[in-house]
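Coordinate analysis (summary)
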Amino acid sequence: MGRGIPEAGLVTHPGFRGSPTVCPGAMEHERRKIRYAVIGLGNIAQVAILPAFASAAESSELVALVSGSREKLEVLGERYGVAERGGYAELEVVLKRARVDAVFIALPNSLHREFTERAARAGAHVLCEKPLAMTEEDCTAMIEATRLAGVKLMTAYRLHFEEANLRAIDIVRSGKLGQVRAFTSSFSHSVPPGDIRTSRELGGGALFDLGCYCINAARHLFREEPIEVVGASQQLGEGPAQGVDESTTATLRFPSGGVATFTVSQGLATVASYRITGTRGDLRVEQAYFYAGPIRHHLTIDGKTQEQTFEDRDQFAAQLVYFSRCIQEDTEPEPSGVEGLADVRVMQAIQRSAASGKAEALPPFARDRRPDLSQQIHRPRLGSSTPVHAASRDKG
Ligand code: NDP
């Protein structure tokens, strides 16, 4: 049984290990707001996660901040009116003191496992930034740790609630494009030296940072799991960046004959688009993976093109609303931890292929849930804030 509000009238608290308390007027508490701590106050936390609470206020409340920077804790704590704050070593104490239900982990990729395990042991549900982790082994350990603790684990795949991406899935499913056979995608931006994405130790590299979006889109547009991959990477230089891919190109083969190719890079101009082509038509999605700004569809069927613009929305607020709902209603999130693992296993196979120069076969992997239009959540962008020691970047 998950924590938070698992059943009508039962309210549990972090660190709670006995029977849940039956509160007077318990039905009112059934939908009480989910209390969040944000762990790691870097760029994405500051430009997207913290401001999103304003638009998710119906169900989600920011009650604690965890950071290695005293200055960020002070400035952002004041700005967002969050009294409970602490360093990484004090995580468990902060979660308990603030009666936190759920954490949003916005740390470098290599730290996702450690903090998921610690938060789960402390009794908090976990919403973890993408990629879920750097290895299948770490993903599996995170899934197991949250299962054992009876808390939920969601991979922060905001596009599973975003209309343009969900409509693309719907268009393919409707058959309008005929039989879809080809997915191509480019996702690139330019990352400065010193960024976490240039550090091997912190889980850097274009494939894990950006490739998960392309793989995720292809898997859900084809509604299958890839069976074979081929990868080629260009590595960054020396020192901490050694072994970090600046760019990776990959080809994924799917059981029904579909083929996906993508290039991701952290050393090229900004591009974020994909194209899915079938026997009758073609859909191009521009700015497909961005978390801010409009996303555009160019849909061509039997030679006629229609364009549609999907206006900017707060995708992070949508995620918070969804995850809070999963906790309140005790339902398993989609995208779950297994959904995060589904992409990590493909990325690791691409890495192996890039190293060996040979195609890598992937073992069968079953998915019983996939995102669809019913998951779309619209929330307006209400908040924005000037970052404190967190460089601004492209919106992917
Ligand atoms: P940043 O480098 O801007 O922030 C990471 C933060 O982690 C740091 O500011 C720091 O916060 C904390 N941290 C803790 N330990 C370390 C360490 N050893 N080295 C460096 N930082 C450390 O990265 P982003 O915010 O861009 O990315 C964070 C996560 O969010 C990644 O997993 C990334 O993939 C994901 N992401 C998701 C996006 C999306 O659209 N869903 C977009 C961008 C990123 P503090 O100073 O508070 O301790």
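This text follows the structure it describes.
Digging into the overall build of the protein chain
Of regular secondary structure, the protein chain possesses 10 helices and 17 strands. A compact globule built from 396 residues would reach a C-alpha radius of gyration of about 21 Å, and the protein chain, at 21 Å, matches this within 12%. The dimensions of the protein chain, computed from C-alpha atoms along their principal axes, are 60 × 50 × 40 Å. The 396 residues of the protein chain split such that 57% are buried. Expressed as a percentage of contacts within the protein chain between residues at least 6 apart in sequence, the contacts between residues at least 24 apart total 70%. As displayed, the protein chain offers around 16,000 Å² of accessible surface, 50% of which is attributable to carbon and sulfur atoms. Each charge class in the protein chain can be summarised by its mean position, and for the 46 positive and 48 negative side chains these summaries are 2 Å apart.

Description of the pairing of strand β14 (residues 281-286)
In terms of strand pairing, strand β13 (residues 267-278) meets β14 through five bridges, oriented antiparallel. Bridge pairing in β14 places Y274 opposite V285. Linking two consecutive strands that pair antiparallel, namely β13 and β14, is a turn of two residues. Two elements, β14 and strand β15 (residues 295-301), share six bridges in a ladder whose sense is antiparallel. What sits directly across from G281, in β15, is I301.

What about the layout of surface pockets?
Roughly 270 Å³ of volume is contained in the second largest pocket. In this structure, the second largest pocket is lined by 14 residues; those nearest its centre are R200, Q235, G243, D245 and Q351. For the lining of the second largest pocket, the secondary structure elements donating two or more residues are β10 (228-235), β11 (245-253) and α10 (337-356). When its residues are assigned to classes, the lining of the second largest pocket shows five nonpolar, seven polar and two charged.

Some words on the pattern of salt bridges
Applying the stated criterion to the full structure yields 28 salt bridges. With its nearest N and O atoms 3.3 Å apart, the salt bridge here joins E163 to R313. Here the residue E163 occupies a position in helix α7 (residues 163-174), and R313 occupies one in the loop between β16 (304-310) and α9 (315-329), the gap between them amounting to 150 residues. Owing to a relative accessible area of 27%, R313 belongs among the partly exposed residues under this scheme. Here R219 and E225 are joined by a salt bridge, their closest N and O atoms 2.7 Å apart.

Description of the packing of aromatic side chains
Taken as a whole and judged by the stated rule, the model has 10 aromatic pairs. Measuring from centroid to centroid gives 5.5 Å for Y36 and F53, while their planes differ by 65 degrees, and the two rings are edge-to-face. Of the two residues, Y36 sits in strand β3 (residues 34-39) while F53 sits in the loop between α2 (43-52) and β4 (60-66), which places them 17 residues apart along the sequence. Grouping residues by exposure puts Y36 and F53 together as buried.

The rules behind each value
- Residues numbered from 1 in each chain as written.
- Predicted model: local features only at pLDDT ≥ 70, side-chain atom pairs only at ≥ 80, totals over all residues.
- Heavy atoms only, no water.
- Helix = DSSP H or I, 4+ residues; strand = E, 2+ residues; numbered from the N terminus.
- Rg over C-alpha atoms; globule rule 2.2 N^0.38 Å.
- Buried < 20%, exposed > 50% of the residue type's maximum accessible area, 1.4 Å probe, protein only.
- Contact = heavy atoms within 4.5 Å.
- Areas by Shrake-Rupley, 256 points an atom, 1.4 Å probe, with all protein chains shown as cover.
- Lys, Arg positive; Asp, Glu negative; His and termini not counted.
- Charge placed at Lys NZ, Arg CZ, Asp CG, Glu CD.
- Pairing = 2+ DSSP bridges.
- 1 Å grid on protein atoms, 1.4 Å probe; cavity = no way out; pocket = protein on both sides within 12 Å on 5 of 7 lines; lining within 4 Å.
- Points joined across faces, edges and corners; volume = space filled by probe spheres on them.
- Nonpolar A, V, L, I, M, F, W, Y, C, P; charged D, E, K, R; others polar.
- Salt bridge = Lys/Arg side-chain N within 4 Å of Asp/Glu carboxyl O.
- Phe/Tyr/Trp six-rings, centres within 6.5 Å; stacked < 30°, edge-to-face > 60°.

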